[in-house]
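Close look at the chain arrangement
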Amino acid sequence: MRGPVPSSAVDFGSVRTEFELVEDFPAAAAAEAQAVSDRCAQGREDRRDIEFVTIDPPGAKDLDQAVHIAAEGAGYLVHYAIADVGALVVPGGALEAETRKRGQTLYLPDGSVPLHPRSLSEGAGSLLPEQDRPAALWEIHLDARGEVVSATVRRAVVRSRAQLDYEGVQADFDAGRVHPSIALLPEVGALRAAWGRAHGAIDLRLPAQEAVEGADGWTLRIEPRTDFDAHNAQISLLTGVCAAAIMLKAGMGLLRTLPTAPDGAVADLRRTAAALGQDWPQQVGVGDFLAGLDVSTPQGLAVMSDAARLLRGSGYAAFGTAQAPEPPADRGHAGVGAPYAHVTAPLRRLADRYATEVCLAACAGTPVPAWASDALDDVAETMRRTNSLANKVDRACIDLTEAVILADRVGESFSAVTMRADQVLIDEPAVIAPCSGAPPEGRCVTVRLETADVTSRKVSFVYEKALA
């Protein structure tokens, strides 16, 4: 085992240059962000009585969401406050034009290239603690099984009471001192996860790499995930399902889509599971099977990796527009188990601002503002384009870090787990890379580092032998 590489050895500036990533905003757009004011202040409901909290990664400043969950009879009342970016960005202005180009915040290990100037995304628009903020306030009533009874969204002013992070919340919960505003989050999160599985949702639990800079330099690790990560994600998914239902009823909106896996792909996964000794009763659906899979074992990890091919073809679909009058025929999201929309991260993702505006209008019984309805087709295309860019940037940063860390270790042998017949997971450092020589799937193996080229950002291994 070797330590991190010096920070000076990993230069993500090359990735920024290659993909033409520029953080600075045009002067007019930056000026608008500095001078933002709430265009909808007069019509806001005062809901500063709700003791919201935010849950984000440590050190985050662009806080999109704040949550409060209460018991309501045998069911639950979920309040979810989302930064009201639509009320802060002037339609037709320089800032809107610039964000329509950027599409989303791009994250690199050494910082981000934001969708909005930081004065807005980390200041006036962010749901920072003990600050009055304009929000799109979702009110979602659930029954005892976690089914949606009703859902509405309206403009409100809110005030978060605390900024929490995932690991801290998990530690608090384990110690029995969880914040009362989210004491019911594990309960509701579990119910909603079960709801998703009952509706065919497929949740992939695959290792995700991240490059981390410490005092001694850069290293790679598998991104830590707590139970509260999953529970918190369920609230966002719940809100997206409610938003999609509202927009479909209104006849206009912007969906996040993912086609259902074809029957043949599920049958192939069953064969893979059987070959790797994973019991999958015929009556158990794919979502329930994957939820119970032990991915800490080589066999379970290999099956989960193979399941990734069930979720392909994600996209954005506008409807109720001149170009697309009707919703798409396949309007669902296979990862969620229902039609779904992005509405919970408008500081970081363009689509959420416009979809939220449609939902606000539908719930208020008013026409959708032209600035939102006229943009839906273009926003959908921008999201498709920038999602592809975000994936390429993320992969380039990880590939670069892998190559730098391993550059002087070509020829060394490493212990690994075969995720697929052409891909292995190295334990230390946390590298996922191609491997030739057909290593047996779902086995612990030894592989030899064949290539670690910093210029091309290529790392590859060759299979040596299986371990007992």
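Keep in mind that what you see is a predicted model, and the values were worked out from it rather than measured.

Cut-off values and rules
Residues numbered from 1 in each chain as written. Predicted model: local features only at pLDDT ≥ 70, side-chain atom pairs only at ≥ 80, totals over all residues. Heavy atoms only, no water. Helix = DSSP H or I, 4+ residues; strand = E, 2+ residues; numbered from the N terminus. Buried < 20%, exposed > 50% of the residue type's maximum accessible area, 1.4 Å probe, protein only. Pairing = 2+ DSSP bridges. Axes fitted to C-alpha atoms, helices over the stretch in contact; angles between N-to-C directions. Contact = heavy atoms within 4.5 Å. UniProt positions renumbered as here; feature names shortened; annotations may be inferred. Parallel < 35°, antiparallel > 145°, perpendicular 65-115°, else oblique. Nonpolar A, V, L, I, M, F, W, Y, C, P; charged D, E, K, R; others polar. Phe/Tyr/Trp six-rings, centres within 6.5 Å; stacked < 30°, edge-to-face > 60°. Lys NZ or Arg CZ within 6 Å of the ring centre and 35° of its normal. Left-handed = near helix turned anticlockwise from the far one by under 90°.

In the segment running from Glu428 into Pro429, the intervening peptide bond is cis, with an omega of -5°. At Glu130, a residue that is not glycine, the phi angle is positive and equals roughly 60°. Summarising the element assignment, Glu130 is placed in the loop between α4 (118–124) and β7 (132–142). Owing to a relative accessible area of 40%, Glu130 belongs among the partly exposed residues under this scheme.

What follows concerns the sheet that holds strand β14 (residues 423–426). Pairing within the closed barrel is mixed, and its five strands lie in the order β13-β14-β15-β17-β16. Averaged over all neighbouring strand pairs, the angle between strand axes comes to 50°, with direction disregarded. One ladder, built from five bridges, connects strand β13 (residues 413–420) with strand β16 (residues 444–453); its direction is antiparallel. Counterpart to Ser415 in the pairing with β16 is Thr446. Together, β13, β14 and β16 form the strand contacts of helix α10 (residues 298–307), whose direction differs from that of β13 by roughly 50°.

Considering the arrangement of structural elements, one finds Gly86 in the loop between β4 (75–83) and α3 (94–102). Beyond its immediate stretch of four places on either side in the chain, Gly86 contacts Arg39, Arg155, Arg353, Glu357 and Trp371.

On the UniProt side, "domain: RNB" (unreviewed entry) is annotated at positions that read residues 44–365 here. Helix makes up 33% of residues 44–365 and strand 25%, with an end-to-end C-alpha separation of 16 Å.

Bringing the packing of helix α5 (residues 166–174) against helix α7 (residues 227–250) into the picture now. The packing of two helices is summarised by the inter-axis angle and the distance between the axes. Running from amino to carboxyl end, α5 crosses α7 at an angle of 110°, the nearest separation of the two axes being 8 Å. Compared by their axis directions, α5 and α7 come out roughly perpendicular. The residues of α7 that touch α5, namely those facing Tyr166, Val169, Gln170 and Phe173, are Asp227, Phe228, Asp229 and Asn232. Looking at the contact of α5 with α7 residue by residue, the classes come out as four nonpolar, two polar and two charged.

Let us now look at the side chain of Thr272. Its location among the elements puts Thr272 in helix α8 (residues 263–275). Contacts of Thr272, omitting those with residues within four sequence positions, involve Asp306 and Arg309.

This brings us to the packing of aromatic side chains. Tallied over the entire structure, the rule returns five aromatic pairs. Taken together, a centroid distance of 5.1 Å and an interplanar angle of 80° make the contact between Phe12 and Trp218 edge-to-face. Of this pair, Phe12 sits in the segment before α1 (13–18) while Trp218 is found in strand β10 (residues 217–222), placing the two residues 206 residues apart along the sequence. Judged by relative accessible area, Trp218 falls into the buried class, the value being 3%. Measuring from ring centre to ring centre gives 5.7 Å for Phe414 and Phe461, while their planes differ by 85°; the resulting arrangement is edge-to-face. Taken together, the residues Phe414 in strand β13 and Phe461 in strand β17 (residues 458–466) connect sequence positions 47 residues apart. Residue Phe414 is classed as buried on the basis of its relative accessible area of 5%. Positioned above the aromatic ring of Trp280 is the side chain of Arg270, whose terminal nitrogen or guanidinium carbon lies 4.0 Å from the ring centre.

What follows deals with the packing of helix α2 (residues 27–34) against α3. Two elements in contact, α2 and α3, have axes separated by 7 Å at closest approach and are oriented at 115°. Here α2 is positioned roughly perpendicular relative to α3, judged by the angle of their axes. Here α2 and α3 pass one another in a crossing that is left-handed. Counted together, Ala28, Ala29, Glu32 and Ala33 of α2 and Ala94, Leu95 and Glu98 of α3 form the full contact between these two elements.

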